[in-house]
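Architecture at a glance
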Amino acid sequence: MHSRKSLLERTLSLPGIKHFTLLLAQRFIAGTSVMDLLAKKKFLNSLGFSTITNLLGESSRSFQEITSVEEKYLEAIAFLEKTGALDDISIKASEFGLNSDHGEIRYSWWDDCPEICSVLKEADEIRLRVWLDAELLETREELWKFTRLALEDISFLGIAFQAYGNSIFNSEFFFNAIIEPLATSLPKDKTLGLRLCKGAYFSSEKKILRDQKKIRERYLALASAMMKLSLVNAKYPERGNLFLEFATHDLILIRELKNMLQTLGLPKNKFRFAMLYGRQQSLASHLFAEGYNIAIYLPFG
């Protein structure tokens, strides 16, 4: 009997499977070239939406691949600067060696990761805001240690945070222990972006919540904590800024978030909703018509 992993590998190697997968994914992807990306960005910007450029890719298997990833991002940043399409860009930490299964290239991020640092500094010089994508819960602490150090050299760094952590990966505990101290100690010329998502990456059964009701409850508890933290930081001129992003297509969550935002009175320039390109475009349009800032997550490649 074949293992699940070997069966998956065999399935992905079947003739035509990559083409079939691409056809399924096309509605959520801006295209395969930078010109495709530019056309979609300009269209979405004309509708009033911000965009978050995401270069497709998952993890690197060698230092050579990491160098290639660095070049890819630097080329994309140069293109965005040249065309004036300067919204945001999203980066996968695993593409730069974080938590690779291949011991040769696994970085201790708080010690050394020059490739991603060069990308962050290049983006910061042209005021292109960078977000670190959500990764496996097992890498979360390393990501936040890196974030603390990176903000010593750049003015903005956003990081995704998952609501579905359970047990020792409890998201509320992690928020109180790691994120809140970083936010309250942020210097006044720095901005920390917090993107809250439910969580869509694979982890073992013991580490994540599976019940949608419980995930929603935790999402809303974390969203409330983020909003209150933002309001508190705004009262202290010596502290840096927090910019919040609520990444969800969940109508129940969006309704509750709107009520919470109205009750707490968080200014609309302090947060936005984020949605994936090709999903819930009518919902995004309705939220924009209500005066909310909307960012469309725009993968290409």
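Coordinates for the structure precede this section.
Below is a short write-up of the structure. From a predicted model like this one, the values you see are computed outputs, not experimental measurements. (Residues numbered from 1 in each chain as written. Predicted model: local features only at pLDDT ≥ 70, side-chain atom pairs only at ≥ 80, totals over all residues. Heavy atoms only, no water.)

Our focus in this paragraph is the overall build of the protein chain. For the protein chain, the count of helices and strands is 10 helices and eight strands. The proportion of buried residues among the 301 residues of the protein chain is 48%. A fraction of 75% describes how many contacts in the protein chain between residues 6 or more apart in sequence connect residues 24 or more apart. (Helix = DSSP H or I, 4+ residues; strand = E, 2+ residues; numbered from the N terminus. Buried < 20%, exposed > 50% of the residue type's maximum accessible area, 1.4 Å probe, protein only. Contact = heavy atoms within 4.5 Å.)

Let's shift gears to the nonpolar core. If you look at soluble globular proteins, the nonpolar side chains tend to sit buried side by side. With 74 residues, the main nonpolar core has Phe 246 and Phe 273 as its most contacted residues. The residues touching Phe 273, leaving out its near neighbours within four places in the chain, are Phe 246, Ile 254, Leu 257, Lys 258, Leu 261, Leu 287, Tyr 292, Asn 293, Ile 294 and Ala 295. (Core = buried A, V, L, I, M, F, W, Y, C linked by side-chain atoms within 4.5 Å.)

To continue, consider the sheet that holds strand E4 (residues 156–162). The strand order around the closed barrel formed by eight strands is E1-E2-E3-E4-E5-E6-E7-E8, and the pairing between neighbours is parallel. Going across the sheet, the axis of each strand differs from the next one's by a mean of 30°, ignoring polarity. Taken together, the four bridges between strand E6 (residues 241–247) and strand E7 (residues 271–276) define a ladder with parallel strand orientation. Of the residues in E7, the one forming a bridge with Phe 246 is Phe 273. (Pairing = 2+ DSSP bridges. Axes fitted to C-alpha atoms, helices over the stretch in contact; angles between N-to-C directions.)

On to helix H7 (residues 171–184), then. In a regular helix each residue adds 1.5 Å, so 14 residues correspond to 20 Å; H7 covers 18 Å between its end C-alpha atoms and thus fits that length. Of all the bends in H7, the largest measures some 30° and sits at Ile 178, one to four residues before the proline Pro 181. As for H7, its buried residues are in contact with helix H6 (140–150), E4, strand E5 (191–197), helix H8 (212–234) and E6. The distance from a side-chain oxygen at the start of H7 to the backbone nitrogen of Glu 172 is 2.9 Å, and the residue carrying that oxygen is Asn 170. (Expected span 1.5 Å × (residues − 1). Bend = angle between axes of the 7 residues up to and from the residue. Polar contact = N/O pair within 3.5 Å; in protein donor to acceptor, adjacent residues only side chain to side chain.)

Looking along a regular strand, one sees the side chains alternate between the two faces of the sheet. Where strand E2 (residues 88–91) lies against strand E3 (residues 129–132), four bridges are found, and the strand directions are parallel. Residue pairing for E3: Ile 91 is matched across the bridge by Leu 132. Direction of pairing for E3 relative to E4: parallel, over a ladder of two bridges. Directly across from Trp 131, in E4, lies its bridge partner Gly 158.

What follows is about the pairing of E4. Most of E4 sits out of view: seven of its seven residues are buried. Side-chain alternation along E4 places Phe 156, Gly 158, Ala 160 and Gln 162 on one buried face and Leu 157, Ile 159 and Phe 161 on a second face that is also buried. For the crossover that starts at E3, traverses H6 and ends in the parallel E4, the hand is right-handed. Inspection of the sheet shows E4 paired to E5 by seven bridges, in the parallel sense. Bridged to Gly 158 within E5 is Gly 193. Handedness of the E4-H7-E5 crossover: right-handed. (Right-handed = clockwise from strand over helix to strand, strands pointing away.)

Turning next to the packing of aromatic side chains. For the coordinates displayed, the defined rule picks out 10 aromatic pairs. Considering the side-chain rings of Phe 271 and Phe 273, the 6.4 Å spacing of their centres and the 90° angle between planes classify their relative orientation as edge-to-face. Under the relative-accessibility criterion, Phe 271 is labelled buried at 2%. The interplanar angle of 55° and the centroid separation of 6.2 Å between the aromatic rings of Phe 271 and Tyr 292 together place this pair among those described as tilted. One end of the pair, Phe 271, is in strand E7; the other, Tyr 292, is in the loop between helix H10 (281–289) and strand E8 (294–300), with 21 residues separating them in the sequence. Among the aromatic residues, those joined into a cluster by ring pairs are Phe 246, Phe 271, Phe 273 and Tyr 292. Directly above the ring of Phe 174 sits Arg 140, whose terminal nitrogen or CZ lies 4.1 Å from the centroid. (Phe/Tyr/Trp six-rings, centres within 6.5 Å; stacked < 30°, edge-to-face > 60°. Lys NZ or Arg CZ within 6 Å of the ring centre and 35° of its normal.)

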